[in-house]
Amino acid sequence: MKDKKVTRREFVADAGRIGLGVMIVPRHVLGGVGYQAPSDTINFAVVGFGGMGSENALELAKTENLVAFADVDFAFSESKVAEKLKDDEKKDRPEGITLKQKFDKAARYSDFREMLDKQKDIDGVVIATPDHLHAVVAKAAMQNGKHVYVQKPLTYSVHEARVLRDLALSNPKIVTQMGNQGHSSEGARLVNEWIQAGVIGPVRDVHVWTNRPVVYWPQGVPRPTGGPPPAAPPSPFGNPFSFRHVNQLLASAMGSYPVPPGLHWDLYVGPVAEDVPYHPIYHPFNWRGWIPFGVGALGDMGAHLIDHPYWALGLTYPTSIEATSTQWGTMPIPPDPKAAAGSREARGYNKPVSYPVATAVHYQFPARGAQPPVKLNWYDGGLYPPRPDVLPDDVTLKSEGGVIFIGEKGILMNDTYGANPRLFPVSLTEDASLVPKTYARIPWSHEMNWVKAIKGETKSSSPLEYAAQLTETMLLGIVALRTGQGRKILYDGEKMLVTNIPDANQYLTREYRAGWAV
């Protein structure tokens, strides 16, 4: 039986009858309809406000209290908040106005470390920086006892994913969530239920694709040099415009730029060990394609697409990974006269600086109990998977991406974020309609799921214990890609070790600038 709500009039009458007695009344009664007591409100902060941080804050600020934010570019953060004041029809947007009011009152910091040190009223931290800072900020926040909501990908490297997972497991009172919002969707639950009920039979192959980075950000381009264009090299073919020379000209043509006023570029670079001069091609948003700052399309969309087969099929660590791609974007490294004779440093070489435009990665996962081994195939940059024979000719594979589960009885397809799951042949839909709902539905946003978990009302949908292993799988595709074309790496997940190519293990972690190591 539900407790009877107490009105103000009843409270006054009861208080008169009980004289000096004490009556405990919920704060929401004293505050009226819709009132949320301060004791029931989460104080949150945002690190990296200008991109997805502002979107997360827009949702959270509806009911929770934004007390602080840290960003290296206040002007960009302010512009993103201003964009949210009106809807597409130029009408006032109430939630945008609420965010603006709370944003203007929040304490602001350029350095997240200063914010964590000084701002003692923070309950939870949203981390929406470029990828290279995720683990650095999340680790510091968790060590300060803060709940964390970390945008995808959870980390920049496999090593960092292990560090955050271990930190979460050793601090179970800290509520964690990765920002792969499709994990909280209705579609994701249907996918799980249909696959696990055997609607399409045992699954041995999965195809995942996305059109990123095409039309979204540049990849496969050289690092800007800001120097004069190089002289045309001699050519045995009578034309000096080789692929390498064209890239050198492009690197020069992009020019050099001073750091804009108000942008704290040194803090933006953060843990990156090498010196990367400022250029507007990196900030805002385009950092995803650059090796020092992002992990490309796999990091951007893998958490939204690989998530569903990884979860539905109960996958663990892959045992092997191989990758192939188009050309990387590079920068020339001149010969080093001090380097060992015959080494690439002595000869000079082209150093990869931006990810290829298009990539294909193939993962092999072992059997899980009665479930067979699975081969999961990833395609990005406009590459598509082969069409299954059972797929009707009039069904178009969506350019923005999706997932195809290949089962013995048929196929299951879903769009990005687990949306719109559907079955072929369509006769399987009748079988799917009989599958019971075994996964609890989440009636709130992914952000509010995190907040309600902090308040003890539910569990977080994509906690670090799960998100770290999903992220590790995604990033192993980058490890295989950096290991080289035409090679397969064999992986021991329990030991976090590439067993057949020792040099590949260097890509499981990264070099850090002094004072920034994770």
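Anything mentioned here points back to the structure above.
Now for a quick tour of the structure. Quantities reported herein were computed from a predicted structural model and do not represent experimental measurements.

Cut-off values and rules
Residues numbered from 1 in each chain as written. Predicted model: local features only at pLDDT ≥ 70, side-chain atom pairs only at ≥ 80, totals over all residues. Heavy atoms only, no water. Helix = DSSP H or I, 4+ residues; strand = E, 2+ residues; numbered from the N terminus. Rg over C-alpha atoms; globule rule 2.2 N^0.38 Å. Buried < 20%, exposed > 50% of the residue type's maximum accessible area, 1.4 Å probe, protein only. Contact = heavy atoms within 4.5 Å. Areas by Shrake-Rupley, 256 points an atom, 1.4 Å probe, with all protein chains shown as cover. Pairing = 2+ DSSP bridges. Axes fitted to C-alpha atoms, helices over the stretch in contact; angles between N-to-C directions. Parallel < 35°, antiparallel > 145°, perpendicular 65-115°, else oblique. Nonpolar A, V, L, I, M, F, W, Y, C, P; charged D, E, K, R; others polar. Salt bridge = Lys/Arg side-chain N within 4 Å of Asp/Glu carboxyl O.

Description of the overall build of the protein
Along the backbone of the protein there are 17 helices and 17 strands. In terms of overall dimensions, the protein is globule-like: its C-alpha atoms have a radius of gyration of 26 Å, near the 24 Å expected for 518 residues. Dimensions of the protein along its principal axes, counting C-alpha atoms only, are 105 × 60 × 50 Å. When the 518 residues of the protein are sorted by exposure, 52% land in the buried category. Within the protein, counting contacts between residues at least 6 apart in sequence, those at least 24 apart form 71% of the total. Approximately 24000 Å² of the protein is accessible, and the part contributed by carbon and sulfur atoms is 56%.

Concerning the pairing of strand E16 (residues 488–492)
Successive residues of a regular strand alternate their side chains across the two faces of the sheet. Of the two faces of E16, the one lined by Ile489 and Tyr491 is fully buried and the one lined by Lys488, Leu490 and Asp492 carries no buried residue. Note that strand E8 (residues 320–325) and E16 share 3 bridges and pair antiparallel. Looking across to E16, one finds that Ile321 is bridged to Ile489.

What about the packing of helix H3 (residues 52–60) against helix H5 (residues 94–105)?
The N-to-C vectors of H3 and H5 enclose an angle of 105°; their axes lie 9 Å apart at closest approach. One way to sum up the angle between H3 and H5 is to call them roughly perpendicular. Residues Ser54, Ala57 and Leu58 of H3 form the contact with H5, whose own contacting residues are Glu95, Gly96 and Leu99. For the contact of H3 with H5, a count of residues per class yields 3 nonpolar, 2 polar and 1 charged.

Regarding the sheet that holds strand E5 (residues 147–150)
The sheet built from 6 strands is open, its strands ordered E3-E2-E1-E4-E5-E6 with parallel pairing. Whereas interior strands pair on both sides, the edge strands pair on one side only; in this sheet they are strand E3 (107–109) and strand E6 (176–178). Taking the axes of each pair of neighbouring strands and ignoring which way they run, one obtains an average angle of 20° across the sheet. Of the pairings in the sheet, the one linking strand E2 (residues 65–70) to E3 comprises 3 bridges and is parallel in character. Bridged to Ala68 within E3 is Ala107. Where H3 meets the sheet, it contacts strand E1 (43–47), strand E4 (124–127) and E5, and its direction lies at approximately 165° from that of E1.

Here's the deal with the pattern of salt bridges
Counted under the stated rule, the structure contains 27 salt bridges. Here Arg108 makes a salt bridge to Glu78, at a shortest N to O gap of 2.7 Å. With Arg108 in strand E3 and Glu78 in helix H4 (residues 74–83), this residue pair connects regions lying 30 residues apart in the sequence. Under the relative-accessibility criterion, Arg108 is labelled partly exposed at 33%. In this structure, Arg113 and Asp111 form a salt bridge, with 2.8 Å as the shortest nitrogen-oxygen distance. When salt bridges that share partners are traced, they join Asp131, Lys152, Arg212, Arg288 and Asp300 into one network.

Honestly, that's just the spatial picture; any functional story needs more than this.
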